[in-house]
Amino acid sequence: MEAAVDQVARLSLAEPASVDPDRLAQLYERLGAQRGEDLVCRAMEELAFRLGQAGRLYEAGDRLELRRCAGILAALADEIGMTALRRVAESVAPCIDSADAVALSAVLARMARVGERSLYAIWDLQDLTI
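The rules behind these values
Residues numbered from 1 in each chain as written. Predicted model: local features only at pLDDT ≥ 70, side-chain atom pairs only at ≥ 80, totals over all residues. Heavy atoms only, no water. Helix = DSSP H or I, 4+ residues; strand = E, 2+ residues; numbered from the N terminus. Buried < 20%, exposed > 50% of the residue type's maximum accessible area, 1.4 Å probe, protein only. Contact = heavy atoms within 4.5 Å. Areas by Shrake-Rupley, 256 points an atom, 1.4 Å probe, with all protein chains shown as cover. Polar contact = N/O pair within 3.5 Å; in protein donor to acceptor, adjacent residues only side chain to side chain. Axes fitted to C-alpha atoms, helices over the stretch in contact; angles between N-to-C directions. Parallel < 35°, antiparallel > 145°, perpendicular 65-115°, else oblique. Left-handed = near helix turned anticlockwise from the far one by under 90°. Nonpolar A, V, L, I, M, F, W, Y, C, P; charged D, E, K, R; others polar.

Draft legend 1. Main features of the overall build of the protein chain. Counting its secondary structure elements, the protein chain contains 7 helices and 0 strands. By the burial criterion, 35% of the 130 residues in the protein chain qualify as buried. Excluding contacts between residues fewer than 6 apart, the proportion of contacts in the protein chain whose partners are at least 24 apart in sequence is 68%. Per element, the accessible surface of the protein chain, about 8,100 Å² overall, is 53% carbon and sulfur.

Draft legend 2. Spatial organisation of the side chain of arginine 50. The residue arginine 50 is located in helix H3 (residues 33-60) in this model. For arginine 50, a relative accessible area of 12% gives the class buried. When neighbours within four sequence positions are excluded, arginine 50 is seen to be in contact with Cys69, Ile72 and Leu73.

Draft legend 3. Structural view of the side chain of serine 118. Tracing the chain through its elements places serine 118 in helix H7 (residues 101-129). We classify serine 118 as buried; its relative accessible area is 0%. Looking at serine 118, its side chain comes within polar contact range of the main-chain oxygen of valine 114, at 2.8 Å.

Draft legend 4. Local environment of the packing of helix H4 (residues 63-79) against helix H5 (residues 83-90). At a minimum axis distance of 8 Å, the contact between H4 and H5 shows a crossing angle of 160 degrees. By the angle class used here, H4 and H5 are roughly antiparallel. As H4 runs across H5, the sense of the crossing is left-handed. Of the residues in H5, those in contact with Ala70, Leu73, Ala74, Ala77 and Asp78 of H4 are Leu85, Arg86, Ala89 and Glu90. Across the contact of H4 with H5, the residue classes break down as 6 nonpolar, no polar and 3 charged.

Remember that the coordinates give geometry; whether it matters functionally is a separate question.
Right under this line is the structure:
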């Protein structure tokens, strides 16, 4: 039995962020620098709030509000070019609909990882290019 323990592998859960810089540039071009920056900052604050809220709703077992929260999160992410986060957030509803608790737990953990990395990535893009 000890030999099996020696073969346990530790998986690294590194999630790449996917931010579309062209989407941000279009947003800034359409709204102007100041309004674009204001919108992105408000969206980032709302995304951070929604990521935390999703975890709380999951723990509380409120699947209806969790579904709504993930939908809002997906729309916000799409608006500011966070393509990976949008895709993961859109995966929440099918997990809820199929009552797949394991998949839902995994998708929410992935959404938290991708969300965190995406927020950092967009922050870095703002500092460098906009």
